[in-house]
Amino acid sequence: MAEEEYGSFVDWNKMGDLAKSSGPTKVDCKDLKEFKQMARQGYWAKNHKLRAQVYQQLIKAIPCRTVTPDAEVYRDIMGNAATKKPSSHIPLPDFVDGSPVPRYCLKTDAVASAHQIINCVAGQFPDISHCPSLPALTSLLLHFSNDEAQCFEHISRILACNEPGKRLLDQTFLAYESSCMTFGDLANKYCPAAHKLIVATAQDVLEVYSDWQRWVLGDLPFSHIVRILDVYLVEGYKVLYRVAIALLKFYRKHKAGGQASPGGQQQQDSDKVRADIQAFIKGIASTVTPEKLLEKAFSIRLFSRKEITLLQLTNEKSLQQKGITVKQKRRNVQLALNPDTFSSEIVSAKEMRDIWSWIPERFALCQPQLLFTTSTHGCSLNRYRVCGAFLSTDWEERKRGGNKVSFFGTGECFVFRLKPEIERYEWVVIRHPELASSIKTQELEDTASSEGQNADNNSLQQPEKPAGDLSPFLSARHFNLNSKNTSMFMAGNFDSIIVGGGEGNALYIDSELNHGRTGRCATFDNPPLCAETFQVSLLEVWGFQDAMAS
């Protein structure tokens, strides 16, 4: 097949260096690990024809539903229309949520072809209710298709993928919204400095993170997104998360140049922050090469498909419990905290907002609720130090250990201090992955056998505890820890409350809630949060109230 047949929709003048075909002319590889390596290294990146053939090979290998529309179905449906010039005035389906078809390096009339393909997809996949990334993916694949029918077949196979534990595109609002929450969790964990910047500058962090897929599939220049597509078609959905996290890291570096620290910046309307990120990503080619972007994306350690899947399931369940399964107007509640009604004798609304930004995204659906306080009257705390902890697990879990004090909880726990300066101390394994063996995680990522995938799938179907009870992806049982001292999160009985263990306690409070002590502990690798022995002046316990409940 002639090379130009794979580029009939392409405006070659826009392709730049990608218009020149060089390098290897064929790929002789069946091993997934080797394919993965070749994709990351850009083995076929300099040959348009070879890239098109590899894409066809990869997409044909996707396990699909028994009845999946193919190129012949498209030709039968379109009939004579397939030979006529398509119209760009054909509106896109509602499920793309207003996302346009990016032109990238397509000819002007090829955008109309993409409209026609997407509308045909809508007729064949009536169960799709929300898929804003489809226009970008259709446009990309059209660059490497010899006709509309082939592009339609490729898109159909991606949408019909039924491989256990693998996803390629979100097709419902529930899946999409939970992916945005999951991205927020991952940003909080893997790029805390960038997350802190977004919290400091945007009024609604979740609204900013709702663009994460568009950053990759829509805003990136063609030279960058095709390199991402090389890897995405081999490794799947998690690649999009990795790249979006890398983009957030580069954005933070870009904003850090000659600007004030995040704490000194003023909050702005979230739309302005979103537009600023979009402009940075669209112009990223001037500062970051495609290779540098991929290198940053794949330098993140202990970032596995299993972690993403478990976290996404938990966030989906949280949304379902709140009845959020279809698109609806979101109230502007940055992590559900209303500064006009929030009241605490210990922390200000801004300080509580900072604390809330560290908490898993699924609690964005909940209002902070004061459960307990040791004071019923006002008190000035200007001369006191303020410290505390976020505890991921219900205290009822302590009863599993009987009368013996035993530690429980997950790696989502953290301790913090607000005064004299704000600081969070996370699970030490998050900051120092070398303390945990990633053998199991790595096997899950690298193994393509159905046996490995089924094992992962079974573990999701039969968790040790219900997905909503614990944060599953940071449960210590998912890691081969070198020492139990690094997973002692919380403990308590009628005599005391303990947070953090191993060579000391981050926080220890006695049964009268009057006295306590703090010190370094191996689990959080924290310094003393205040004076090592202290008297409790005020203690507040905050919980989460369902913000959607009547």
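Residues numbered from 1 in each chain as written. Predicted model: local features only at pLDDT ≥ 70, side-chain atom pairs only at ≥ 80, totals over all residues. Heavy atoms only, no water.

Got a minute to help me understand the overall build of the chain in this structure?
A count of helical and extended segments in the chain gives 19 helices and 12 strands. Residues counted as buried form 54% of the 550 residues belonging to the chain. The contacts of the chain with a sequence gap of at least 6 include a subset with a gap of at least 24, amounting to 77%. Carbon and sulfur atoms form 48% of the exposed surface of the chain, whose accessible area is close to 24,900 Å². (Helix = DSSP H or I, 4+ residues; strand = E, 2+ residues; numbered from the N terminus. Buried < 20%, exposed > 50% of the residue type's maximum accessible area, 1.4 Å probe, protein only. Contact = heavy atoms within 4.5 Å. Areas by Shrake-Rupley, 256 points an atom, 1.4 Å probe, with all protein chains shown as cover.)

What's the story with the nonpolar core in this structure? I'm lost.
In globular proteins that are soluble, nonpolar side chains generally tend to be buried together. Ranked by size, the top nonpolar core spans 110 residues in total, and within it Ile 158, Phe 183, Ile 198, Trp 215, Leu 220 and Tyr 232 carry the most contacts. For this core, the leading source of residues is helix H12 (residues 238-256), giving 11 residues. If sequence neighbours within four positions are ignored, Tyr 232 has contacts with Leu 137, Ile 158, Leu 168, Leu 169, Tyr 237, Val 239 and Leu 240. With 21 residues, the next largest nonpolar core counts Trp 427, Val 428, Leu 529 and Val 536 among its residues. (Core = buried A, V, L, I, M, F, W, Y, C linked by side-chain atoms within 4.5 Å.)

Could you clarify how one ought to interpret the side chain of Glu 351 in this entry?
Within the secondary structure layout, Glu 351 lies in helix H16 (residues 349-358). With relative accessibility at 17%, the residue Glu 351 sits in the buried group. For Glu 351, the side chain forms a polar contact with the main-chain nitrogen of Ser 348, separated by 2.9 Å. Ignoring anything within four residues of it in the chain, the contact list for Glu 351 reads Ile 346, Leu 418 and Lys 419. (Polar contact = N/O pair within 3.5 Å; in protein donor to acceptor, adjacent residues only side chain to side chain.)

Is there a simple way to think about the sheet that holds strand S4 (residues 423-425) in this case?
Hydrogen bonds along the backbone pair up the strands of a sheet, which may run parallel or antiparallel. The three strands lie next to each other as S2-S3-S4, forming an open sheet whose pairing is antiparallel. This sheet does not close on itself; its edge strands, each paired only once, are strand S2 (386-390) and S4. Sheet twist, expressed as the mean angle between neighbouring strand axes with direction ignored, is 20°. Relative to S4, strand S3 (residues 414-419) runs antiparallel, the two sharing three bridges. The residue of S4 that forms the bridge with Arg 417 is Glu 423. Those strands touched by H16 are S3 and S4, and its axis lies near 160° from that of S3. (Pairing = 2+ DSSP bridges. Axes fitted to C-alpha atoms, helices over the stretch in contact; angles between N-to-C directions.)

Even after reading the chapter, I still don't get the packing of aromatic side chains, so can you show me in this structure?
Here the distance between the centres and the angle between the planes together describe a pair of aromatic rings. Counting across every chain of the model gives 19 aromatic pairs. Through a chain of ring-to-ring contacts, the aromatic side chains of Phe 183, Tyr 209, Trp 212, Trp 215, Tyr 237 and Tyr 241 assemble into a single cluster. We note Arg 167 situated over the ring of Tyr 237; from NZ or CZ to the ring centre the distance is 4.9 Å. Above the ring of Phe 250, the side-chain terminus of Lys 296 is found at 5.4 Å from the ring centroid. (Phe/Tyr/Trp six-rings, centres within 6.5 Å; stacked < 30°, edge-to-face > 60°. Lys NZ or Arg CZ within 6 Å of the ring centre and 35° of its normal.)

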